[in-house]
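Architecture at a glance
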Amino acid sequence: MTAVAELMDYAEVVERFDPVLGLEVHVELSTNTKMFCGCENVFGGEPNTHTCPTCLGLPGSLPVVNGKAVESAIRIGLALNCEIAEWCRFARKNYFYPDMPKNFQTSQYDEPIAFNGYLDVTLDDGEIVRVEIERAHMEEDTGKSLHVGGATGRIHGAEHSLLDYNRAGVPLIEIVTKTIEGTGERAPEVARAYVSALRDLLKALDVSDVRMDQGSLRCDANVSLMAKGATEFGTRTETKNVNSLRSVERAVRYEMTRQAAILAGGGSIKQETRHFQEADGSTASGRTKETAEDYRYFPEPDLVPIAPSREWVEELRGTLPEMPAVRRKRIQQEWQLSDAELRDLLNLGAVDLIAATVDAGATPAEARAWWVATLAQEANTREVELDALPITPAQVAEIIALVNSGELTNKLAKQVATGVLDGEGSPREVVEKRGFKVVNDDSALLAAIDEALAAQPDIAGKIRDGKVAAAGAIVGSVMKATKGQADAKRVRELIIERVGS
Amino acid sequence: MPTISRDEVAHLAKLARLAVTDEELDVFAGQLDQILDAVAQVGQVADQDIPPTSHAVPLTNVFREDVVKPSLSQQQALSGAPAEEEGRFRVPRILGEEQ
Amino acid sequence: MTDLIKLTAAELAEKVQKREVSAVEVAQAHLDRIAKIDEHVHAFLHVDAEGALAAARAVDEAETPASPLAGVPLALKDVLTTTDMPTTAGSRTLEGWVPPYDATVTRKLREAGVVILGKTNMDEFAMGSSTENSAYGPTHNPWDHSRIPGGSGGGSSASLAAFEAPLAIGTDTGGSIRQPGAVTGTVGVKPTYGGVSRYGLIAFSSSLDQAGPCARTVLDAALLHEVIGGYDPMDSTSINAPVPPVVAAAREGMKGDLKGVRVGVVKEFAGDGYQAGVTRSFEAAVEQLRALGAEVVEVSCPAFTLALPAYYLIAPSECSSNLARFDAMRYGLRVSDDGTHSAEEVMSLTREKGFGPEVKRRIMLGTYALSSGYYDAYYGSAQKVRTLISRDFDAAFEKVDVLVSPTTPTTAFKIGERVDDPMAMYLADLCTIPSNLSGNAAMSVPSGLSDEDGLPVGLQIMAPSLADDRLYRVGAAYEVARNDAAGGALIHQVPELGGKA
Ligand SMILES: [Mg+2]
Ligand SMILES: [Zn+2]
């Protein structure tokens, strides 16, 4: 469709230019109801079944603010070290688009509820970058359009479109950073780390599902370049549709190499919206902003101002959970992890799962072993994120407890986990259904041991000569004979007893 | 106060999604000019330090509880639709891009 | 039975309650009247005979009356949503639209057993002072068919003066209840902003719009005020306070004593531009108030002279945004959807076709006033003027209990006389606008006929916010005194209709 853009080698880009970033993140709140009406706030559903006069923008309808959304906005603001406005208003942002029922978005303009904050972001090597937050404000989401008749269901070439307003009016918090400068070659990494840290924070606050794949967390990346030594910002582009952490990093990196090539060739950057293309990691030109949009903002007359009392703000501050960064520090100490180990757990998305498994009774080492080895592999084969596996930390702890009590061997325990993942029920149910029962009856084991020793007469001698490792072969035979339902440790003890006696 | 030109009227019409005719452009240019002239006297307070009033009644913090209320049925939601398809509002092709 | 249509709402309610007459008979008498004469008046856009009779039947079958107005017919301005009748707001763009929800006012009327006869004509989206801007043709003033019945609620005021209904609902953004009341010799009240829910009222200018009662007597207006007033959680600007005791105040006023009441005559609303007969009628009314024992003083409200310009910036600005939703996507008119036009083009073509010239003019004006370069000079300044006007009211109400002025500078003008001169048309609201900008309560009560043209004149009474009861006390006292002096209610001097075209 579009000509392949010329790109500059990344090393050269960072040698010649300083990147300047600005990140805008939209977060859908996981309130029960929408921002301004009592319709249920759920993802999906039959089209246009979660709508009412207000979120359809019917003539005569009026908005009423969801108090819980305001509470979430304030908590997010506080967690981002923001000041909370003593008094602020909603404003109307006027522009026409079919997915927006009123043809204005009820948003906030020059009076955001939270402003002037920061978020400390830890990079892979442990370096901490402080990202300054300009503002966090409340607004509403739009409906969803389905494009019919085009080749790929995309907007271009479509014959007509179909609109579903179930998502219209879902509460959004828009979090805008100040310009992020001085990150040099690490700009793409900083962008990714920022969105990742923000995601963790929002998750800890329990205010959003933060599912980038479902659009409940969306990032727009503003990127511009300054030639080394320049004092003024370059023209920026705004890349939308960046729907995963990896994409954030790729999009920033791509824009840097694309813009650098243009600037180096004597060209100039068009101020425009660009779209991230998941397939090849490139960005494509969207609408050019010839003139600044004229949104004709004005205070929303249908809603009264919000004046959060300082008492309320402090009360909400008291509800903030331990911040993810602090928690990580604590966990690292408690679990005695090296920086590298912690980073691996974080990359795997295993920290919360392990912590929850520990809370359910396992030791950190046991929990870690399960999530990092067995379950991470399962997630890999099933091609899902670790936290999307259909097993709960409590269930993992239960399996660990069964092993510790001797009711399951490690080998059986893994099969139980697979059973749970396959939807066979709770660990106990899987044990029962599959008839797993560790053979604890010594006489049955002794019979099997005798049989195995008789089949391999030279081994008994070796053991008697002190070559205890030779017992392994007998253990193997016994395990085979008992179909794995024997406790290998006990079998080994019995063999040594038997041979020695 | 600036007088409003025909081009400016055309720009406003575009912003407001009104496919005005050439004839209307002239009429509106004249009338808007006349009205703006008449209302321009509010400008006399522009540089005065007076707090603006956006709401007649000084209420604050009017919130709703986060409790689900029944929505309209799909049929009710679509009852006024000029066109519908598969439970959705059918609209002409959208130029441009998703926001 | 024809007498029924000449009775007041209070009288009708009493007869229905005492079972002297059935609600069905009352409804039928008014439906007959409408059938007979509305072709000459054109007060109604839609009459729902079946629905009205069914509602009346329910009143007759009820053991106890649902309210003091149970069984009384009413004409509803077509700007409030109704699930059983189309709601057009006088616009082509909403022709035939049947809303899936009732306005709160509609619901309260139904719950009170008020019998809704139909929907009344109005200036398109309530923009106008003559009802000539209706897409469905003008309404004629029952006093003189060649003249306007006021606007935007000309259908409601005309239905009262033509004895088609004893009660009506209007909405008042800049005077659209009071000015039609004045020019048709009827009573109209704009309650305190926030006193009556706006939920289901198709917005013209959200910060100014207020629904209110229209009637032929002050007491009837009070009875209706108590039915429709009160807190509504669906409207964020609704005041959470009891409805002021307006009925008690009206009954108190009817005793004819205004001793101790301080009345301020607004100095700025006199002189050039005021028809001599209007001025004389006003002066006589002030004398009458004095005779009732009121203490009359002159009060200056200098900022009131800026009210009209401020209004013609604020109302169009808000309307440009409020009317953006009429875009042919979800409801209402759609033209040129022939497969060759984009959504944006269909929006523009439909809005061009569906809106009349006054609506387009105000949308353009508002779009201009909100534009980034002009906001401060126009919208911003207008909001400062709004503050000054409220301050003038506050200062005045320190000294007096109510303010008075003529409701409108002239009597009903000829249909067609001002259509091509927007500024001349706008002058009709000169005296009514300040109360919309400040949100306080105001009433128009008939003050007799202008001596030079024999047409009705209105006395405007203004009271502080939430002191609506003062209007009723003063208005009722004046009404009784004037009727006594004139030998009967003004409304009975309306020429007999029917034969005359
Ligand atoms: Mg936004
Ligand atoms: Zn809704």
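From a predicted model like this one, the values you see are computed outputs, not experimental measurements.

Reading the values: rules and limits
Residues numbered from 1 in each chain as written. Chains lettered and ligands numbered in written order. Predicted model: local features only at pLDDT ≥ 70, side-chain atom pairs only at ≥ 80, totals over all residues. Heavy atoms only, no water. Helix = DSSP H or I, 4+ residues; strand = E, 2+ residues; numbered from the N terminus. Rg over C-alpha atoms; globule rule 2.2 N^0.38 Å. Buried < 20%, exposed > 50% of the residue type's maximum accessible area, 1.4 Å probe, protein only. Areas by Shrake-Rupley, 256 points an atom, 1.4 Å probe, with all protein chains shown as cover. Contact = heavy atoms within 4.5 Å. Polar contact = N/O pair within 3.5 Å; in protein donor to acceptor, adjacent residues only side chain to side chain. Nonpolar A, V, L, I, M, F, W, Y, C, P; charged D, E, K, R; others polar. Donors = N, O, S within 2.8 Å, 3.2 Å for Na, K, Ca; no water. 1 Å grid on protein atoms, 1.4 Å probe; cavity = no way out; pocket = protein on both sides within 12 Å on 5 of 7 lines; lining within 4 Å. Points joined across faces, edges and corners; volume = space filled by probe spheres on them. Salt bridge = Lys/Arg side-chain N within 4 Å of Asp/Glu carboxyl O. Pairing = 2+ DSSP bridges. Core = buried A, V, L, I, M, F, W, Y, C linked by side-chain atoms within 4.5 Å. Domains from an automatic or database assignment. Buried area = accessible area lost by both parts, 1.4 Å probe. Axes fitted to C-alpha atoms, helices over the stretch in contact; angles between N-to-C directions. Arc of directions from axis to C-beta.

The next thing to look at is the overall build of chain B. Within chain B, the regular secondary structure consists of three helices and three strands. Along chain B, helices and strands appear, N-terminal first, in the series α-α-β-α-β-β. At 22 Å, chain B has a C-alpha radius of gyration far larger than the 13 Å of a compact globule built from 99 residues. Principal-axis analysis of the C-alpha atoms gives chain B an extent of 50 × 45 × 25 Å. Within the span of chain B, comprising 99 residues, buried residues form 42% of the whole. Surface summary for chain B: the accessible area is close to 5,300 Å², and the carbon and sulfur share equals 48%.

Time to look at the interface of chain A and chain B. Contact with chain A, which involves 59 residues of that partner, is made by 36 residues of chain B. At the boundary of chain A and chain B, one finds 23 residue pairs in polar contact (both at pLDDT 80 or more). Taken together, the elements giving at least two residues each to the side of chain A that touches chain B come down to β2 (65-66), α2 (67-79), β8 (144-148), β9 (160-164), β13 (272-277) and β14 (282-288) of chain A. Per-element tally for the side of chain A that touches chain B: the top contributor is β9 of chain A, with five residues. For the side of chain A that touches chain B, the per-class residue count stands at 31 nonpolar, 18 polar and 10 charged.

All names here are of chain A. For the zinc ion (ligand 2), the full set of protein donor atoms is Cys37 (SG), Cys39 (SG), Cys52 (SG) and Cys55 (SG), and the range of their distances to it is 2.3 to 2.4 Å. The sequence motif formed by the donor residues of the zinc ion (ligand 2) is C-x1-C-x12-C-x2-C. One end of the pair, cysteine 37, is in the loop between β1 (17-28) and β2; the other, cysteine 52, is in the loop between β1 and β2, and 15 residues separate them in sequence. With a relative accessible area of 10%, cysteine 52 lands in the buried category.

Here the structure, examined in full by the defined rule, presents eight cavities of 30 Å³ or more. For the largest cavity, the calculated volume is near 130 Å³. In terms of lining, the largest cavity is formed by 18 residues, of which the most central are Phe36, Thr54, Leu62, Pro63 and Lys102 of chain A. Of the residues in the lining of the largest cavity, the class split is seven nonpolar, four polar and seven charged. Volume-wise, the second largest cavity comes out at about 100 Å³. Around the second largest cavity, the lining is made up of 13 residues, and of these Gly195, Pro242, Val243, Pro244 and Leu466 of chain C lie nearest the centre. Taken together, the residues of the lining of the second largest cavity sort by class into seven nonpolar, five polar and one charged.

By the definition in use, this model includes 63 salt bridges over all chains. Aspartate 84 of chain C serves as the salt-bridge partner of arginine 110 of chain C, at 2.9 Å between the closest nitrogen and oxygen. With arginine 110 of chain C in helix α4 (residues 104-111) and aspartate 84 of chain C in the loop between β2 (73-77) and α4, this residue pair connects regions lying 26 residues apart in the sequence. Relative accessible area serves as the criterion here: at 39%, aspartate 84 of chain C is assigned to the partly exposed category. Members of the salt-bridge network, linked through shared partners, are Arg92, Glu300 and Asp302 of chain A together with Arg198 and Asp235 of chain C.

This part takes up the pairing of strand β10 (residues 171-177) of chain A. Residues and elements named next belong to chain A. Most of β10 sits out of view: seven of its seven residues are buried. Alternating residues of β10 divide into Pro171, Ile173, Ile175 and Thr177 and Leu172, Glu174 and Val176, and every residue in both groups is buried. Relative to β10, β1 is paired through five bridges, and the arrangement is antiparallel. Following the sheet pairing, glutamate 28 is matched in β10 by leucine 172. In this structure, strand β7 (residues 128-140) lies alongside β10, joined through seven bridges in antiparallel fashion. Its bridge partner lying in β10, isoleucine 133 is registered against threonine 177.

Right, let's get into the nonpolar core. In this structure, Leu109, Phe125 and Tyr472 of chain C are the most contacted members of the largest nonpolar core, which totals 207 residues. With residues up to four places along the chain from it excluded, the contact list for phenylalanine 125 of chain C reads Ala89, Ser91, Thr93, Leu94, Ile202, Phe204, Leu323, Phe326, Phe355 and Val359 of chain C. Val13, Ala79, Cys88 and Ala114 of chain A belong to the second-largest nonpolar core, a separate cluster that totals 72 residues.

This brings us to the sheet that holds strand β2 (residues 84-85) of chain B. Ordered by their spatial adjacency, four strands build an open sheet running β8(A)-β9(A)-β3(B)-β2(B), and the pairing between neighbours is antiparallel. Whereas interior strands pair on both sides, the edge strands pair on one side only; in this sheet they are β8 of chain A together with β2 of chain B. Taken together, the four bridges between β9 of chain A and strand β3 (residues 88-92) of chain B define a ladder with antiparallel strand orientation. When the bridges of β3 of chain B are listed, histidine 160 of chain A appears paired with proline 92 of chain B.

Residues and elements named next belong to chain A. Protein coordination at the magnesium ion (ligand 1) comes from Glu139 (OE), Glu139 (OE) and Glu174 (OE), with a distance range of 1.9 to 2.5 Å. Taken together, the residues glutamate 139 in strand β7 and glutamate 174 in strand β10 connect sequence positions 35 residues apart. The pair glutamate 139 / glutamate 174 is uniform in exposure class, with both members buried.

All names here are of chain C. Burial runs high along β2: five of the five residues are buried. Covered by surrounding structure in β2 are Pro73, Ala75 and Lys77 together with Leu74 and Leu76, the residues of both alternating faces. Sheet analysis places β2 next to strand β3 (residues 115-120), joined by five bridges and oriented parallel. Looking across to β3, one finds that leucine 76 is bridged to lysine 119. Two elements, β2 and strand β4 (residues 167-171), share three bridges in a ladder whose sense is parallel. Each residue of the ladder has a partner; that of leucine 74, found in β4, is leucine 167.

It is worth spelling out the side chain of threonine 186 of chain C at this point. All names here are of chain C. Secondary-structure assignment places threonine 186 in the loop between α6 (178-184) and β5 (187-190). When its relative accessible area of 1% is taken as the criterion, threonine 186 is described as buried. Of note is the side chain of threonine 186, whose polar atom sits 2.9 Å from the side chain of threonine 184. In contact with threonine 186, other than residues within four places in its own chain, are Ser157, Leu160, Ala161, Pro180, Gly181, Ala215, Arg216, Ser444, Pro446 and Ile491.

What follows is about the domain arrangement of chain A. In terms of domains, chain A is made up of domain 1 (21-314), domain 2 (325-434) and domain 3 (442-500). For domain 1 of chain A versus domain 3 of chain A, the separation of C-alpha centres amounts to 65 Å.

Within the secondary structure, alanine 54 of chain C is located in helix α3 (residues 49-61). Remark: the alpha-carbon pair of alanine 54 of chain C and valine 115 of chain C, spanning 61 residues in sequence, is separated by 8.8 Å.

The next point concerns the interface of chain B and chain C. Between chain B and chain C, the contact holds 55 residues from the first and 64 residues from the second. Approximately 5,000 Å² of surface area, both sides summed, lies buried where chain B meets chain C, with 67% of it carried by carbon and sulfur atoms. Across the chain B-chain C interface, the total number found is two salt bridges. As a salt-bridge pair, glutamate 344 of chain C and arginine 17 of chain B come within 4.0 Å of each other at their nearest N and O atoms. Linking chain B with chain C are 16 residue pairs in polar contact (both at pLDDT 80 or more), by the criterion used here. For the side of chain B that touches chain C, the secondary structure elements donating two or more residues are α1 (6-15), α2 (22-39) and β3 of chain B. Counting residues per element, the side of chain B that touches chain C draws most heavily on α2 of chain B, at nine residues.

The subject of this paragraph is the sheet that holds strand β8 (residues 295-299) of chain C. Residue and element names in this part refer to chain C. Here we have 11 strands laid out as an open sheet, ordered β1-β3-β2-β4-β6-β5-β10-β11-β9-β7-β8, and mixed in their pairing. Edge strands, defined here as strands with exactly one partner in the open sheet, are β1 (44-47) and β8. On average, adjacent strands in this sheet sit at an angle of 25 degrees to one another, irrespective of strand direction. Looking at chain direction, β5 and strand β10 (residues 441-449) are connected through three bridges and run antiparallel. Following the sheet pairing, lysine 190 is matched in β10 by alanine 442.

On to helix α1 (residues 9-17) of chain C. Residues and elements named next belong to chain C. Of the positions making up α1, those classed as buried are Ala9, Leu12, Ala13 and Val16. Mapping the buried residues of α1 onto a view down its axis gives an arc of 100 degrees, with all of them on the same face. Check the buried side of α1 and you find it contacts α2 (23-41), α3, β2, β4 and α7 (218-228). Just beyond α1, the residue with positive phi is arginine 19, at close to 60 degrees.

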